[in-house]
Structures are given as C-alpha cells and as structure tokens.
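A structural walkthrough
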Amino acid sequence: MHLTSGYVSIFSVRNVINLGNIVIMEIRYKRILLKLSGESLMGDKQYGIDENRLAEYAKQIKEIAELGIQIGIVIGGGNIFRGLSGASKGFDRVKGDQMGMLATVINGLALGSALTSIGQPAKVLTAVNMFPIGEYYSKWKAIEAMENGEIAVLTGGTGCPYFTTDTGSALRGIEIEADVMLKGTRVDGIYTADPEKDPNAVKYDKITYDEIYIKGLKVMDLTATTLCKENGLPIIVFDMDTPGNLKKVLTGENIGTLVY
Ligand code: UDP
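This text gives an overview of the structure that appears in the document. Here the structure is a predicted model, which means the values were calculated and not measured.

Tallied over the entire structure, the rule returns zero disulfides. The closest cysteine sulfur to the non-disulfide-bonded Cys228 is located on Cys160, 18 Å from its own sulfur.

Structure representation (structure tokens):
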C-alpha cells in the first residue's frame, strides 16, 4: 500500500519509510507534464505505432497515476508526419504542420485507448476543436480531468503551425501549473555531445537553461526552453524506454538530467 505525501520540492530527498506493512513514499511532484515524442512510439519500427511500446508506456503511466500523481501528457507526431520534412518535399509548410498536428491526435487517441484498456481512465483533449474525436482543450478541462483521476492527453500541439510539440509541452505544462516537465527520450539525459556519435560525451546531472543556450545543446527547441525558463518550469530529460524509469524519476532516484 502506498500513502503518498504530495508535493515536496524539486530538490527533496527520496524518502521511503516502512512502517510494518504500510509504506509511505514521498513523491517529488503533485502534478506533472510528461512529453512523449511520436518517434518513441515507433519502437523498432520505421513508421507508425508499435503496440508493445505503447502498452509498455501505458503501464508505466498507470503505475505513477496509482501513486496519486496528476498527469498531463503531450505527445508528438514525428512517427507519422512532420511539417518541416513535408515542406522539404514540396508541401505547403502550414498544411504540413497541420498534418503533423493531426498526427499527434492519432497518437493521443492510441495512447488514451491503451490507458483505458488497462483500467486507467484518460481524456483526450485537442488543441483545435474536432469534437467528438476529442474534447476541445482548455486549461480547466485538463485540470478537472486530472483532479478526477484521469490522465489528460493533450493533443494537437499548440494548435498553431511553426511550433513543435516540445513547445506545446512547455506551454501546456505552464498552463496546467505542472510542477515539472518530464521529457521522456531514448537517451538517459543531456550530454556534452551526442552520446550516439561521440564516445567521450559526458552526461550532466543538472544544467541551467542558460547553459543550454551557451553550449548550444540540442535538448529541445529554444522556444520551448525559453518558455520553461521564463515561467520557472523545471525539466527532467530521462530515458523512458527503460521500464520503471518514470516511477524512479518521480520517487527521487537520480536518473536523467534536471534543467533548472
Ligand atoms: N506541430 C505544429 N504545431 C505544434 C506542434 C506540432 O505545427 O504546436 C506539427 C509540426 O509539423 C511537427 C509535427 O506537428 O513537426 C509533429 O510534432 P513534433 O515534430 O514536435 O513531434 P515529435 O518530434 O515530438 O514526435
């Protein structure tokens, strides 16, 4: 049995107290915004959605919801379509971005249904009105859903072209008053260089927003970083593809990189 003690602070120390058969687990955050890229949903595929990866993510998300954490999720669409790559093939950029935003809705519907199929209620909200595919997003609808124990799956990015879902995620994280934005990736944090290309790359445990600009690190786009910086939303970049990692981040294990 878990008794969760709610928000402590982003620098709080992990604390699990065992009282016989009662475990009191201190949770770092009360409300989070989780960003998942569309590409991560591909698993080992070249395109689209890998059902096993989707099911694995749903399981990890349910696990933290059961700790009493309120969860908003922004999901990308890169596994299906990106406006920028469409533009390079001759698509109109705005139309391409709209296709990309629709791709995020497809992914959100898939994630929402994977969650409900394992008994975790979820509500899909869309940045552009397309009821009944999802409900039209508002901050209050998202908060109401989270307070009712549903996962708020926030799709359609910002609803505007020329943005990314990283920026959508920063924006929604600020709007829903999340304590932290968790960016789940396939790399276990932020490195001095791309660890897949440079064997000497070193991982940061913590880094400031300004260091990201100064060092030119490709963590996420600068619009997203700036929004987080200006509104004091910390970011944790971590490897979401290792089962159990999401829970570890939230219960204080020092994995990933904190941006503050
Ligand atoms: N997009 C957009 N506005 C937004 C968010 C996304 O136009 O606010 C479009 C854009 O074309 C982008 C695509 O949707 O390339 C998919 O999003 P993203 O590339 O961020 O997905 P991810 O890389 O996270 O899978």
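Next comes the rest of the write-up.
Strands sit in the order β7-β6-β8-β5-β4-β9-β11-β12-β10 across an open sheet of nine strands; the sheet is mixed. The sheet terminates laterally at β7 (135-136) and β10 (206-207), the two strands that pair on one side only. Two strands pair when backbone bridges link them, and β10 and strand β12 (residues 257-259) are joined in this way by two bridges, in the parallel orientation. The partner of Lys206 across the bridge, within β12, is Leu258.

Structurally, the position occupied by Met99 is in helix α3 (residues 93-117). For Met99, a relative accessible area of 32% gives the class partly exposed. The contacts of Met99, once residues within four sequence positions are left out, are Phe81 and Phe91.

A separate point is the environment of Ile151. Mapped onto the fold, Ile151 is located in strand β8 (residues 151-155). Sequence-wise, Ile151 and Thr126 are 25 residues apart; in three dimensions their C-alpha atoms are separated by 14 Å.

Counting residues in each nonpolar core, the largest one holds 34 residues, and the members touching the most others are Ile32, Leu34, Ile61 and Leu182. Ranked by residues supplied to this core, first place goes to helix α1 (residues 51-65) with six residues. Setting aside residues no more than four positions away along its own chain, Leu34 makes contact with Ile61, Gly72, Ile73, Val74, Leu182, Phe238, Met240 and Leu246. Tyr204, Tyr209, Ile212 and Met220 belong to the second largest nonpolar core, which has 27 residues in total.

Helix-helix packing is described using two parameters, namely the angle between the two axes and the distance between the axes. Between α1 and α3, the least distance of the axes is 9 Å, while the angle of their chain directions is 60°. For the element pair α1 / α3, the angle class is oblique. The two elements α1 and α3 meet at a crossing, and its hand is right-handed. Only Ala110, Leu111, Ala114 and Leu115 of α3 make contact with α1, whose side of the interface consists of Leu54, Ala58 and Ile61.

The next point concerns unusual backbone geometry. At the junction of Phe131 and Pro132, the peptide bond is cis and its omega measures out at 10° in the coordinates. Note on placement: Pro132 falls in the loop between β6 (122-126) and β7. With phi around 70°, Tyr162 is a residue other than glycine that occupies positive phi space. Within the secondary structure, Tyr162 sits in the loop between β8 and α5 (165-175). Its relative accessible area of 53% is what places Tyr162 among the exposed residues. Residues other than glycine seldom take positive phi values, yet Glu177 does so here, at roughly 60°. Looking at the secondary structure, you find Glu177 in the loop between α5 and β9 (180-185).

Reading the values: rules and limits
- Residues numbered from 1 in each chain as written.
- Predicted model: local features only at pLDDT ≥ 70, side-chain atom pairs only at ≥ 80, totals over all residues.
- Heavy atoms only, no water.
- Disulfide = S-S within 2.5 Å.
- Pairing = 2+ DSSP bridges.
- Helix = DSSP H or I, 4+ residues; strand = E, 2+ residues; numbered from the N terminus.
- Buried < 20%, exposed > 50% of the residue type's maximum accessible area, 1.4 Å probe, protein only.
- Contact = heavy atoms within 4.5 Å.
- Core = buried A, V, L, I, M, F, W, Y, C linked by side-chain atoms within 4.5 Å.
- Axes fitted to C-alpha atoms, helices over the stretch in contact; angles between N-to-C directions.
- Parallel < 35°, antiparallel > 145°, perpendicular 65-115°, else oblique.
- Left-handed = near helix turned anticlockwise from the far one by under 90°.

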